[in-house]
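As a plain string of letters, each chain reads:
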Amino acid sequence: MAEFVEKYINPFTDFGFKKLFGEELNKDLLLDFLNELLKEEQGQIKDLTYLKTEHLGLTESDRKAIFDMYCENERGEKFIVELQKSKQNFFKDRTVYYSTFPIREQAKRADWNFELKAVYTIAILDFVFDADKNEPEKFRYDVKLKDIETNKIFYDKLTFIYLEMPKFKKSIDELSTRFEKWLYLIRNLNQLERIPESLKERIFEKVFETAEIAKFTPEQILSYEDSLKYYRDLKNSLDTAREEGEAEGIIKGEQIGIVKGEQIGIVKGEQIGIVKGKLEVARNMLSIGLSLEVIAQAMELTEDELRKWLSL
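To keep things clear, this report deals only with the structure shown in the data block. (Residues numbered from 1 in each chain as written. Predicted model: local features only at pLDDT ≥ 70, side-chain atom pairs only at ≥ 80, totals over all residues. Heavy atoms only, no water.)

Focus on the environment of Ile 9
Move 1: Along the chain, Ile 9 falls in the segment before helix H1 (14-21).
Move 2: Exposure remark for Ile 9: the relative accessible area of 0% places this residue in the buried category.
Move 3: When the C-alpha positions of Ile 9 and Ala 211 are compared, they lie 5.3 Å apart, and in sequence the two are 202 residues distant.
Move 4: Those residues in contact with Ile 9 that sit more than four places away from it in its chain are Gly 16, Lys 19, Leu 20, Leu 189, Asn 190, Ala 211, Ile 213, Phe 216 and Tyr 224. (Helix = DSSP H or I, 4+ residues; strand = E, 2+ residues; numbered from the N terminus. Buried < 20%, exposed > 50% of the residue type's maximum accessible area, 1.4 Å probe, protein only. Contact = heavy atoms within 4.5 Å.)

Take a look at the structure:
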């Protein structure tokens with residue numbers, strides 16, 4: 001059994017995320033987080049009911065959807081909460097696809113006037129979309145259907161919220177709202193050794209109590225160990241791919257640059273190096289037992305593209 005240096009679980013692991021937000025015993029944690037996230041438009045959510053997280057399409061050709069968290073409030077409004085640890089091709093498409101399940105579930109067979117309850121898809125991201133890298137201070141994106149010319153909301157019952165957590169860099173002394181305290185905890189919980197004075201509120205004290213590894217059963221520790229290993233392997237593989245790609249890209253770039261010009265050479269060299277670096281890391285990930293689906297997500301490829309890369 002592993003002996004953990006960290007006192008509290010990492011919320012970006014599957015086990016950690018579901019331990020904090022996915023258990024009936026800790027439903028008040030998710031309720032408080034959602035109330036802070038959505039209070040400007042939602043008002044107060046009084047209660048939540050967890051719903052099944054696995055959904056099947058209407059036909060066999062539809063892909064299966066498995067949500068990290070799926071719940072409903074007392075007004076019948078639906079909430080999908082997703083944790084995404086690494087960049088994935090078409091992740092925005094995936095969240096839009098996921099939102100169709102709670103929409104279709106509301107259809108009635110008898111006479112129906114098509115009135116729908118609101119659907120919220122919330123993605124907590126451990127990465128930054130490439131398109132957002134030029135906005136280092138903006139970590140929250142709220143997306144609705146709007147009219148392009150007037151910028152007025154056309155339909156307010158379908159909402160997508162993306163939280164790019166690497167951009168949230170406030171220290172404990174800079175936190176000014178309860179929502180910021182939640183974001184700080186999600187990003188830094190496993191790095192803390194004790195409860196900071198500014199977080200000594202009942203709801204946050206429960207977060208620390210729930211997250212304390214020493215209080216886990218042996219079975220829970222083993223489950224967390226597996227989840228943490230997967231998270232670290234994924235992170236290390238991506239970091240290695242980035243570093244190897246950049247290093248080889250510079251070398252190749254300089255070599256090509258002698259013939260074709262320095263600027264063009266570096267660009268081409270970086271592209272060659274990143275591809276080769278990713279290929280090597282993909283092979284390493286396969287060798288430690290990670291599935292093709294997981295590796296494809298990490299490499300930002302489809303499974304078919306990955307199979308061609310690896311000649312499988």
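On we go from here.
Notes on the nonpolar core
Move 1: Among the nonpolar cores identified, the biggest contains 51 residues, and Phe 21, Phe 33, Leu 34, Leu 37, Ile 124 and Leu 163 are the most heavily contacted of them.
Move 2: Not counting residues within four places of it along the chain, the set of residues in contact with Phe 33 comprises Phe 21, Ile 124, Leu 163, Phe 179, Trp 182 and Ile 186.
Move 3: Of all hydrophobic cores here, the second largest spans 13 residues; its members include Leu 279, Met 285, Ile 295 and Leu 310. (Core = buried A, V, L, I, M, F, W, Y, C linked by side-chain atoms within 4.5 Å.)

Let's talk about the sheet that holds strand S1 (residues 48-50)
Move 1: Across the sheet, six strands lie side by side as S1-S4-S5-S6-S8-S7; this open sheet has mixed pairing. Edge positions in the open sheet fall to S1 and strand S7 (140-146), since each of these has one partner strand only. Each strand of the sheet is rotated relative to its neighbour by a mean of 25 degrees, with strand direction disregarded.
Move 2: Pairing of strand S5 (residues 78-84) with strand S6 (residues 119-125), which is carried by seven bridges, proceeds in the parallel orientation. (Pairing = 2+ DSSP bridges. Axes fitted to C-alpha atoms, helices over the stretch in contact; angles between N-to-C directions.)

Let's talk about the pairing of strand S4 (residues 69-73)
Move 1: Extensive coverage of S4 is indicated by the burial of four of its five residues.
Move 2: Of the pairings in the sheet, the one linking S1 to S4 comprises three bridges and is antiparallel in character. For Leu 48, the partnering residue across the bridge sits in S4 and is Asn 73.
Move 3: Looking at chain direction, S4 and S5 are connected through four bridges and run antiparallel. Residue pairing across strands places Cys 71 opposite Phe 79, the latter belonging to S5.
Move 4: Taking the residues between adjacent antiparallel strands as the criterion, S4 and S5 are bridged by four residues, where Gly 76 takes a positive phi near 85 degrees.

Quick notes on the packing of helix H4 (residues 178-188) against helix H5 (residues 202-211)
Move 1: Closest axis-to-axis distance for the H4/H5 pair is 12 Å, and the angle between their directions is 5 degrees. On the basis of the axis angle, H4 is roughly parallel to H5. Counting all contacts with H4, which are made through Arg 178, Lys 181, Trp 182 and Leu 185, the residues of H5 involved are Ile 203, Phe 204, Val 207 and Phe 208.
Move 2: Residue composition of the contact of H4 with H5, grouped by class: six nonpolar, no polar and two charged. (Parallel < 35°, antiparallel > 145°, perpendicular 65-115°, else oblique. Nonpolar A, V, L, I, M, F, W, Y, C, P; charged D, E, K, R; others polar.)

Things to note about H5
Move 1: By the burial criterion, the buried members of H5 are Ile 203, Phe 204, Val 207, Phe 208, Thr 210 and Ala 211. Along the long axis of H5, the arc covered by the buried residues comes to 165 degrees, so they all point the same way. (Arc of directions from axis to C-beta.)

Quick word on the side chain of Glu 82
Move 1: Looking at where Glu 82 falls in the secondary structure, it is placed in strand S5.
Move 2: Accessibility expressed as a relative area gives 1% for Glu 82, which makes it buried.
Move 3: In this structure the side chain of Glu 82 is engaged in a polar contact, spanning 2.6 Å, whose partner is the backbone nitrogen of Asp 68.
Move 4: Not counting residues within four places of it along the chain, the set of residues in contact with Glu 82 comprises Ile 66, Phe 67, Asp 68, Arg 94, Tyr 98, Ile 122, Ala 123 and Ile 124. (Polar contact = N/O pair within 3.5 Å; in protein donor to acceptor, adjacent residues only side chain to side chain.)

Notes on the packing of aromatic side chains
Move 1: Counting across every chain of the model gives 20 aromatic pairs.
Move 2: Considering the side-chain rings of Phe 15 and Tyr 224, the 5.8 Å spacing of their centres and the 50 degrees angle between planes classify their relative orientation as tilted. Placement of Phe 15 in helix H1 and of Tyr 224 in helix H6 (residues 218-260) is noted, with a sequence separation of 209 residues between them.
Move 3: Owing to a relative accessible area of 17%, Phe 15 belongs among the buried residues under this scheme.
Move 4: On the numbers, 5.2 Å between centres and 80 degrees between planes, the contact of Phe 67 with Tyr 70 is edge-to-face. Each member of the pair Phe 67 and Tyr 70 is classed as buried. (Phe/Tyr/Trp six-rings, centres within 6.5 Å; stacked < 30°, edge-to-face > 60°.)

Quick notes on the pairing of strand S8 (residues 153-164)
Move 1: Bridge analysis of S6 against S8 gives seven bridges, and the strand direction is parallel. Within the sheet, the bridge partner assigned to Val 119 lies in S8 and is Leu 158.
Move 2: Examined bridge by bridge, S7 and S8 share six bridges and lie antiparallel to one another. When the sheet's bridge partners are listed, Asp 142 is paired in S8 with Ile 161.
Move 3: Here S7 folds back onto S8 in antiparallel fashion, the turn holding six residues, of which Asn 151 has a positive phi close to 65 degrees.

Concerning the environment of Arg 187
Move 1: Along the chain, the position of Arg 187 falls in helix H4.
Move 2: Sequence-wise, Arg 187 and Asp 126 are 61 residues apart; in three dimensions their C-alpha atoms are separated by 8.8 Å.
Move 3: If sequence neighbours within four positions are ignored, Arg 187 has contacts with Phe 12, Met 165, Pro 166, Phe 168 and Lys 169.
Move 4: A polar contact is formed between the side chain of Arg 187 and the backbone oxygen of Phe 168, at a distance of 3.0 Å.

Scope: geometric values only; no functional claims are made or implied.
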